[in-house]
Amino acid sequence: MSKSALITGITGQDGSYLAEHLVSLGYEVHGLIRGQNNPRAAIVRRIVPELHLIEGDLHDQSSLISALEATHPDEVYNLGAISFVALSFKQAINTGEITGLGVTRMLDAIRVVNPKIRFYQASSSEMFGKVRETPQTELTPFHPRSPYGVAKVYGHYITVNYRESYGMFAVSGILFNHESPRRGLEFVSRKITDGVARIKLGLETELRLGNIDSLRDWGFAGDYVRAMHLMLQQEEPDDFVVATGETHSVRELLELAFGQVGLRWQDHVVVDERFLRPADVAMLVGDAGKARSVLGWQPTVSFPELVARMVESDLRAVAADLTANSAATPR
Ligand code: GDP
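None of the values given here were measured: they were computed from a predicted structure. (Residues numbered from 1 in each chain as written. Predicted model: local features only at pLDDT ≥ 70, side-chain atom pairs only at ≥ 80, totals over all residues. Heavy atoms only, no water.)

Concerning the pattern of salt bridges
Thought 1: Applying the stated criterion across every chain, the model contains 18 salt bridges.
Thought 2: Between Asp239 and Arg163 there is a salt bridge, with the nearest N and O atoms lying 2.9 Å from each other. Remark: Arg163 occurs in helix H6 (residues 147–166) and Asp239 occurs in the loop between helix H8 (221–231) and strand E11 (240–242); sequence separation between them is 76 residues. For the residue pair Asp239 and Arg163, the accessibility class agrees, reading buried in each case.
Thought 3: Between Glu179 and Arg183 there is a salt bridge whose closest N-O contact spans 2.8 Å. Each member of the pair Glu179 and Arg183 is classed as buried.
Thought 4: Overlapping salt bridges bring together Glu206, Arg208, Asp272 and Arg274 as one network. (Salt bridge = Lys/Arg side-chain N within 4 Å of Asp/Glu carboxyl O. Helix = DSSP H or I, 4+ residues; strand = E, 2+ residues; numbered from the N terminus. Buried < 20%, exposed > 50% of the residue type's maximum accessible area, 1.4 Å probe, protein only.)

With respect to the pairing of strand E3 (residues 52–55)
Thought 1: Where strand E2 (residues 28–33) and E3 come together, four bridges link them in parallel fashion. Its bridge partner lying in E3, His30 is registered against His52.
Thought 2: In this fold, E2 hands off to helix H2 (residues 40–47), which returns the chain to E3; that crossover is right-handed. (Pairing = 2+ DSSP bridges. Right-handed = clockwise from strand over helix to strand, strands pointing away.)

Quick notes on the sheet that holds strand E6 (residues 170–175)
Thought 1: In space, the seven strands of this open sheet follow the order E3-E2-E1-E4-E5-E6-E11, with parallel pairing throughout. Whereas interior strands pair on both sides, the edge strands pair on one side only; in this sheet they are E3 and E11. Within this sheet the neighbouring strands show an average axis-to-axis angle of 25°, counted without direction.
Thought 2: Relative to E2, strand E1 (residues 4–8) runs parallel, the two being bridged by four bridges. Bridged to Ala5 within E2 is Val29. (Axes fitted to C-alpha atoms, helices over the stretch in contact; angles between N-to-C directions.)

Describing the nonpolar core
Thought 1: Ile7, Tyr77, Tyr120, Ile192 and Leu254 are the most contacted members of the largest nonpolar core, which has 54 residues in total.
Thought 2: Ranked by residue count, the leading element in this core is H8, at six residues.
Thought 3: What Ile7 contacts, discounting residues up to four positions off in sequence, is Gly15, Leu18, Ala19, Leu22, Val29, His30, Gly31, Leu32, Tyr77 and Leu79.
Thought 4: Among the nonpolar cores identified, the runner-up in size contains 21 residues, and Leu58, Ile98, Ala109 and Ile110 belong to it. (Core = buried A, V, L, I, M, F, W, Y, C linked by side-chain atoms within 4.5 Å. Contact = heavy atoms within 4.5 Å.)

Notes on the domain arrangement of the chain
Thought 1: Partitioning the chain into structural domains gives domain 1 (4–179 + 217–242) and domain 2 (188–216 + 247–284 + 303–322).
Thought 2: Listed by partner, the interface residues are 19 residues for domain 1 and 19 residues for domain 2.
Thought 3: Roughly 1600 Å² of surface becomes buried between domain 1 and domain 2 when both sides are summed, with 67% attributable to carbon and sulfur atoms.
Thought 4: At the boundary of domain 1 and domain 2, one finds one salt bridge.
Thought 5: Between the two partners, domain 1 and domain 2, sit four residue pairs in polar contact (both at pLDDT 80 or more).
Thought 6: At the level of secondary structure, the elements contributing two or more residues to the side of domain 1 that touches domain 2 comprise helix H4 (85–90) and strand E10 (219–220).
Thought 7: In terms of residue count, the dominant contributor to the side of domain 1 that touches domain 2 is H4 (three residues).
Thought 8: A per-class count over the side of domain 1 that touches domain 2 returns nine nonpolar, six polar and four charged. (Domains from an automatic or database assignment. Buried area = accessible area lost by both parts, 1.4 Å probe. Polar contact = N/O pair within 3.5 Å; in protein donor to acceptor, adjacent residues only side chain to side chain. Nonpolar A, V, L, I, M, F, W, Y, C, P; charged D, E, K, R; others polar.)

Spelled out as structure tokens, the structure:
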């Protein structure tokens, strides 16, 4: 019998990579989708044609219960969240509702419908925030620096609590930043690679950014979804850090991305205080030693390779848009 999985946050970057991975392993994959005529449904359907979409909302407990009853999953992956840190400062309460309380709604729905369902919570390196030690491990104390980070800490601990209180197989993956050509344009990696493509192809001349001194441990999303799946295949539920173990600055990302198309970032990047955050996380770097030894997981894409793939993909996408627009222009 093939296994079945339900993924929240299916229209996000990780949702599509995880769905592809689980389909390749023979799973029947269901994605929870919010709202009528959600325009992102078509995009994820195109990427993963085998996917089944079911309506539901992390705001709405009964919709989660109905989704579990309809899909009978063996595994639930909770990737749904308000995940953009800058937005979480503007919508702090909504972030608490979805990114934080949404986790409890799903855990409680599982407890009621079938407590044997295995549950994965997408925890985040943003929980470490103002880091207490370097590198960060599963045992490093949390000190979040944004409403997003605070909500993720709540989600993390409620997952531990349901595991300890009800004996549920509920685990958290503390994933460091992970990127890909499918990353949303609001995140700095994709904002830069898309900006590089637009500047190179003559559509724009400048790229406005915030704090370019930040250091992050950036990996490839396709690698990270394999770790999510592995965590749910263990004999005992446990939490894992997933990271590359390297840290790089936004400046280095700029250097690589602009360098790839023969441009100097200093000629195009403008620091704009609109993109500064009320509080930021200066530096993150994870120690994924436990994931390596227990799960047998390791990343396969280096930082320069990741940036190169994203720049190439954005060059293709922007060029295709240009061609489509010029074809549509009446002569
Ligand atoms: P985060 O680590 O989850 O906040 O991922 P982001 O990709 O949104 O941001 C990574 C870092 O890049 C943060 O320290 C941001 O402050 C910094 N950064 C600098 N300029 C920008 C910008 O224009 N957009 C975003 N998203 N981040 C920026």
